[in-house]
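The primary structure of each chain is shown beneath.
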Amino acid sequence: MTALYKPLGMIVGVLGGVAANAVFTQVWRRVSGEEEAPSATAREYGWREVLVAAALQGAIFGLVKAAVDRAGATGYQRLTGTWPDK
């Protein structure tokens, strides 16, 4: 049964990444008033702006990934009766 979870887990992970990106984009727009977060090499931004954007992005991605992975494992357990061991 664990072999079944691996491809399912990968699909759920990709969907989680898409969701995390959408959440970060919305949060960044509301917090900064700008459409896009600065990249690390964007010359027009200072260290503070770049690092705040990166920290916020990392926190959101980590939170969404953990939530999606946990929900996927819980759903798998409900369907199969076993917890997926990775």
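Numbering of residues begins from 1 in every chain and follows the order in which that chain's sequence is written. For this predicted model, a pLDDT threshold of at least 70 governs which residues receive local features, and a threshold of 80 or more governs which side-chain atom pairs are given and counted, while totals over whole chains, interfaces and linings are taken from all residues. Water and hydrogen atoms were dropped before computing side-chain values, which therefore reflect all heavy atoms in the structure.

What follows concerns the overall build of the chain. When you go through the chain residue by residue, the secondary structure sums to two helices and zero strands. Its C-alpha atoms give the chain a radius of gyration of 17 Å, more than 25% over the compact-globule value 12 Å for 86 residues. Summarising its shape, the C-alpha atoms of the chain cover approximately 50 × 20 × 15 Å along the three principal directions. Burial here depends on accessible area, computed with a 1.4 Å probe over protein chains only, as a share of the maximum for the residue type. Under 20% is buried, over 50% is exposed, and the range in between is partly exposed. Relative to its full complement of 86 residues, the chain shows a buried share of 20%. Residues are treated as being in contact if the distance between any of their heavy atoms lies within 4.5 Å. Within the chain, counting contacts between residues at least 6 apart in sequence, those at least 24 apart form 57% of the total. Averaged over its 9 positive side-chain charges, the chain has a centre that lies 10 Å from the centre of its 7 negative ones. A run of H or I in DSSP becomes a helix once it reaches four residues, and a run of E becomes a strand once it reaches two; helices and strands are each numbered from the N terminus. Here the globule rule is a power law, 2.2 Å times the number of residues to the power 0.38, and the radius of gyration is based on C-alpha atoms. Only four residue types enter the charge count, namely Lys and Arg as positive and Asp and Glu as negative; His and the chain termini do not. Where a charge lies is defined by one atom per residue type: Lys uses NZ, Arg uses CZ, Asp uses CG and Glu uses CD.

A few words on the environment of Leu15. Residue position: Leu15 is located in helix 1 (residues 2–32). Among the residues examined, Leu15 registers a relative accessible area of 55% and is labelled exposed.

Another point: the layout of surface pockets. Empty space within the largest pocket amounts to approximately 150 Å³. Using a grid of 1 Å spacing that covers the protein atoms alone, one calls a set of points a cavity when a 1.4 Å probe fits there but cannot get out, and a pocket when the set is open and has protein on both sides within 12 Å along at least five of seven lines; lining residues are those with an atom within 4 Å of a point. If you trace the largest pocket, you find 13 residues lining it, with Phe24, Glu36, Ala37, Pro38 and Gln57 closest to the centre. Those elements that place two or more of their residues in the lining of the largest pocket are helix 1 and helix 2 (47–80). Per-class residue counts for the lining of the largest pocket are eight nonpolar, three polar and two charged. Grid points are joined across faces, edges and corners, and a volume is the space filled by probe spheres set on the points. Residues are grouped as follows: nonpolar covers Ala, Val, Leu, Ile, Met, Phe, Trp, Tyr, Cys and Pro; charged covers Asp, Glu, Lys and Arg; every other residue, Gly included, is treated as polar.

Another aspect to go through is the packing of aromatic side chains. Two rings belonging to Phe, Tyr or Trp (six-membered ring only in the last case) form a pair when the distance between their centres is within 6.5 Å. Interplanar angles under 30 degrees mark stacking, angles over 60 mark edge-to-face geometry, and anything in between is tilted. Throughout the structure, instances matching the rule amount to two aromatic pairs. With a centroid separation of 5.0 Å and 65° between ring planes, the pair formed by Tyr5 and Tyr76 is classed as edge-to-face. Residue Tyr5 is found in helix 1, and its partner Tyr76 is found in helix 2; the two are separated by 71 residues along the sequence.

This paragraph deals with helix 2. Multiplying 1.5 Å by the residue count of a helix minus one yields the expected span of that helix. Look at helix 2: 49 Å from first C-alpha to last across 34 residues, which is about the 50 Å you get at 1.5 Å a residue. Of all the residues in helix 2, the buried ones are Val50, Ala53, Ile60, Val64, Asp69, Gly72, Ala73 and Tyr76. Downstream of helix 2 by a residue or two, Gly81 has a phi angle that is positive, lying close to 85°.

Any Lys or Arg side-chain nitrogen found within 4 Å of a carboxyl oxygen on Asp or Glu counts as a salt bridge. This structure, assessed with the given rule, holds two salt bridges. Of the charged contacts in the structure, one is a salt bridge between Arg29 and Glu35, with a shortest N-O distance of 3.1 Å. In this structure Arg29 comes out as partly exposed when scored by relative accessible area, which is 32%. Lys65 is the salt-bridge partner of Asp69, the closest N and O atoms lying 2.6 Å from each other. Remark: Lys65 and Asp69 occur in helix 2; sequence separation between them is four residues, near one turn of the helix.

Geometric values such as these leave the question of function open.
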